[in-house]
Every structure is written in C-alpha cells, then in structure tokens.
Amino acid sequence: MIEKNAKLSVAPMMDWTDRHCRYFHRLMSREALLYTEMVTAPALVRGGALHLLGYNPEEHPVAVQLGGSEPVELAEATKLCVAEGYDEVNLNVGCPSDRVQSGCFGAVLMKSPDLVAECVTAIQAAAGDVPVTVKCRIGVDDQEPSEVLPAFLAKMRDAGVTRITVHARKAWLEGLSPKENRDIPPLDYALVHEMKQAFPELHLSINGGVQSLDAVEEELMHMDGVMVGRAAYHQPYDILGAADQRVFGRDADPLSRHDVVLAMEDYIGRHIAAGGKLAQVTRHMLGLFAGQPGARRWKRVLSEGAHKEGAGFDLVREALPR
C-alpha cells in the first residue's frame, strides 16, 4: 500500500525534483514517497512531451503530479501516466506561479472547488486502481481558510479522494512572487491539525516549513503524513538518511553520506555515456554534506567543475570530504 509510504514524502518542486534528484533521494530512503516535478496535462496531451514522464525503476514508490483544469484532458494525461507505471497521480491545486495561473490551474483552483471535483472524478475514472490524490493550499488571496479549507476537503472527500496534502499557507496570487509565496504567508499548522480531527476518514499530510526529521516526527503525532520540500533538497541526508528507521521502523542501517556518493557512480556513468552532463546530476547532490566538515569544498569543487567538458565521477571522488 503506497499510503504507508506517504507518512513521509518529498514535495514536487519545479526544476528540482527531476529523475536524477529522485534517484539520489531514493538511495537515502527506500520508503519515502517521491514526487515528480509538476507536469502539465496540455504538455502531455497536446504537446506530446512524453519525455517528461521518464523515470528510473529504482525510484518506486514514485508519484506523478499533474497540472491542469480541463477534466477530459487531465483524464487523457492520466492514462499516459498510468501506462508509464506511476504509483500515484496527484493533482496540483497549490502552485502559485504566474504561468500556472494563466493556464487556470494550481492554487487558483482553490476558488473553483466544483471544477476540481470534476477534474478528480475524471482522473479517477482514467486511473483505474492507481491512487488519485490532491495537493492544495489552505486558501488563496482574501479567502478565509477556516471556511474555505474544510469545504474544499469535504468536496474532495465526496468526489472519492481519500488522501490529500495541505500546504499550511495561503497563496497570494496578486502581489507575491512564487518564491515569496513559499515564505511570506504565515504557516497555520493549527488549522491543518484541526482538519485531521474534522476529517478522520481522510489521510491528510501537512506540508510547509518542516525543517528536520525531529519536526517530521512531531507532526506525525497530529497528521497521517508529512511532506518536506526545500529541507529535503538542501539537506537531503538530514531528512532522508535516518527516515526509514525513525519514520518507517526499518531495521537496516542507513547508508553513510560517503556510501550514498559511491552508490551514484554507476548511475552517473550511465548518464554520461548516454550523452548527459555530470552537472545535471551533481547539482542535486550539493547539500549532501550540509553542516559537515568538508561541505564547503564539496560544493565548490562540484559547482566549479561539473559543467566542464569531460567531467566525470573522478571529479565527484575528488570533491568527497576526506
């Protein structure tokens, strides 16, 4: 059951959680649920951009996040995702970027819960046995979250959705950039905790501002799951290194940071042999030694050298903290 993996998940993050990032994260946690970057339904259905769905078998359990607001098109996109073997299809109702708003999907859909219900109904019909989930905000603009969020969750429940991730911030579609929307609107954990009490039948995960594995464990006292975003990217080992033991109760010892690097050698070699660049992979690895001796040199050597012609795993070995 993929639901058990959702106790801890790594958030879908544009330009960050690509297939190289997910492969790297999977070396640290066998259990945490990983998400793709958001893929828009129009790109798949109208643009034929099926390469956006590529992933490595080792990434399972892995969920695809779709963006869109047209039920028929989302259903067609879902069929493509299911054919690729994804473990979950997630609908984005939380991203505040300008291009998302102009396409009428993402956080702006918090204003149209009936349309979201139509979308998830269509996605579910196309997904078959694959779970369909939603990621949302607590509200947008001048909406009152304490009124909007429970109504939205009830609408999703009635449409058959059983698992929802709530980013515990409002999104301001006017006046704040996407980056500012990740920091400036205040977090309201209390409201999200109240939603778990109000909707015990739903599997609810909380997202936003979780900075440590200790914080993950604390939130799991209130919620069914925790989704971690930037902390899992910038300090991946701090979040994922011991997650299987502490969150999922596995007995196996985690790989050390050095072992994680060495375990990337074959993958990096295959990527370069296929015409890829070292920096496309190592840019996701820069935070591996965050807070550790040698972290600054690790980042500097990779940042300065990984983009150069002919750079390979030898550079990664050179960068390793002694």
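Scroll up to find the structure this text is about.
Within any chain, residue numbers begin from 1 and follow the written order of that chain's sequence. Local features are withheld for residues below a pLDDT of 70 in this predicted model, meaning they are given only at 70 or higher, and side-chain atom pairs are given and counted only at 80 or more; totals for whole chains, interfaces and linings count all residues. Only hydrogens and water are set aside; all other atoms, that is, all heavy atoms of the structure, feed into the side-chain values.

A. Representation of the packing of helix α6 (residues 113-127) against helix α7 (residues 145-158) within the structure. In the contact formed by α6 and α7, the axes pass within 9 Å of each other and the chain directions differ by 25°. As judged from the angle between their axes, α6 and α7 are roughly parallel. α7 is crossed by α6, and the crossing has right-handed handedness. Two secondary-structure elements touch here, α6 through Pro113, Asp114, Val116, Ala117 and Val120 and α7 through Phe152, Lys155 and Met156. When residues are sorted by character, Ala, Val, Leu, Ile, Met, Phe, Trp, Tyr, Cys and Pro go into the nonpolar class, Asp, Glu, Lys and Arg into the charged class, and all the rest, Gly among them, into the polar class. Grouping the constituent residues of the contact of α6 with α7 by class yields 6 nonpolar, no polar and 2 charged. Structural elements are reduced to axes, namely lines fitted to C-alpha atoms, with helices fitted over the stretch in contact, and the angle between N-to-C directions of any two is expressed from 0 to 180 degrees. Counting from the N terminus, the helices are the DSSP runs of H or I reaching at least four residues and the strands are the DSSP runs of E reaching at least two. In this scheme, roughly parallel covers angles under 35 degrees and roughly antiparallel covers those over 145, while 65 to 115 is roughly perpendicular and the rest are oblique. Here a crossing is taken to be left-handed if its near helix is turned anticlockwise relative to the far helix by less than a right angle, and right-handed if that turn runs clockwise. The contact criterion used throughout is that any non-hydrogen atoms of two residues lie within 4.5 Å.

B. Spotlight on the packing of aromatic side chains. Under the pairing criterion, centres of Phe, Tyr and Trp rings, with the six-membered ring standing for Trp, must be within 6.5 Å; the plane angle then separates stacked pairs below 30 degrees from edge-to-face pairs above 60, leaving the rest tilted. As enumerated under the stated definition, the model contains 4 aromatic pairs in all. The interplanar angle of 15° and the centroid separation of 4.4 Å between the aromatic rings of Trp16 and Tyr233 together place this pair among those described as stacked. Placement of the pair is Trp16 in the loop between β1 (8-10) and α2 (19-28) and Tyr233 in helix α11 (residues 230-234), with a sequence separation of 217 residues. Measuring from ring centre to ring centre gives 5.0 Å for Phe289 and Trp298, while their planes differ by 70°; the resulting arrangement is edge-to-face. The exposure class assigned to Phe289 is buried, which follows from its relative accessible area of 3%. For every residue, the accessible area obtained with a 1.4 Å probe (protein chains only) is divided by the maximum for its type, and the residue is called buried under 20%, exposed over 50%, and partly exposed between those limits.

C. Looking closely at the nonpolar core. Think of a nonpolar core as a cluster: buried Ala, Val, Leu, Ile, Met, Phe, Trp, Tyr and Cys residues, connected wherever their side-chain atoms sit within 4.5 Å. Counting residues in each nonpolar core, the largest one holds 106 residues, and the members touching the most others are Val134, Leu153, Ile164 and Trp298. If near-sequence neighbours (up to four positions away) are discounted, Ile164 is found in contact with Val134, Cys136, Leu153, Met156, Leu202, His203, Leu204 and Ser205.

D. Just the pattern of salt bridges, in detail. Throughout this description, the term salt bridge denotes a Lys or Arg side-chain nitrogen within 4 Å of a carboxyl oxygen of Asp or Glu. Tallied over the entire structure, the rule returns 18 salt bridges. Residues Glu76 and Lys79 are paired through a salt bridge, measuring 3.3 Å at the closest nitrogen-oxygen approach. Residue Glu76 and its partner Lys79 are located together in helix α4 (residues 71-84), separated by 3 residues, close to a single helical turn. On the basis of relative accessible area, Glu76 is assigned to the partly exposed category, the value being 36%. With a closest N to O distance of 2.7 Å, Lys196 and Asp224 form a salt bridge. Remark: Asp224 occurs in the loop between α10 (213-219) and β8 (225-228) and Lys196 occurs in helix α9 (residues 189-198); sequence separation between them is 28 residues. Assessed through its relative accessible area of 24%, Asp224 is described here as partly exposed. Here the residues in one salt-bridge network are Lys4, Glu31 and Arg250, joined through shared partners.

E. Up close: helix α15 (residues 265-273). Every buried residue belonging to α15 is among Tyr267, Ile268 and His271, and all of these are buried. Projected down its long axis, α15 carries its buried residues within an arc of 95°, all on one side. Relative to its buried face, α15 has exposed residues pointing more than 90 degrees away, namely Asp266 and Ala273. Phi turns positive one or two residues past the end of α15, at Gly275, with a value near 100°. Comment: arc refers to directions from the helix axis out to C-beta atoms.

F. Seen up close, the pairing of strand β5 (residues 132-137). With 6 of 6 residues buried, β5 is to be regarded as a mostly interior element. Burial of the side chains of β5 extends over both faces: Val132, Val134 and Cys136 are buried on one face and Thr133, Lys135 and Arg137 on the other. By definition, the crossover connecting two strands over a helix is right-handed if that path, from the first strand to the second, turns clockwise as seen with the strands pointing away from the viewer. In this region the chain leaves β5, passes through α7 and returns to the parallel neighbour strand β6 (residues 163-167); the handedness of that crossover is right-handed.

G. Inspection of the packing of α4 against α6 at higher detail. α6 packs onto α4 with a crossing angle of 35° between their chain directions and a minimal axis gap of 8 Å. Pair α4 / α6 crosses with right-handed handedness. Where α4 abuts α6, its residues Pro71, Leu74, Ala75, Thr78, Lys79 and Val82 lie against Leu115, Glu118, Cys119, Ala122, Ile123, Ala126 and Ala127. Broken down by class, the residue content of the contact of α4 with α6 amounts to 10 nonpolar, 1 polar and 2 charged.

H. Seen up close, unusual backbone geometry. With omega at -5°, the peptide bond leading from His60 into Pro61 counts as cis. Mapped onto the fold, Pro61 is located in the loop between α3 (41-45) and β3 (62-67). Notably, Asp15 is not glycine yet its phi reads approximately 70°, a positive angle. By the secondary structure assignment, Asp15 is in the loop between β1 and α2. The exposure class of Asp15 is partly exposed, given its relative accessible area of 49%.

I. Representation of the environment of Asp141. Along the chain, the position of Asp141 falls in the loop between β5 and α7. Sequence separation between Asp141 and Val116 is 25 residues, and the spatial gap between their C-alpha atoms is 18 Å. Once residues lying within four places of it in the same chain are set aside, the contact partners of Asp141 are Lys111, Lys170, Ala171, Trp172, Leu173 and Glu174.

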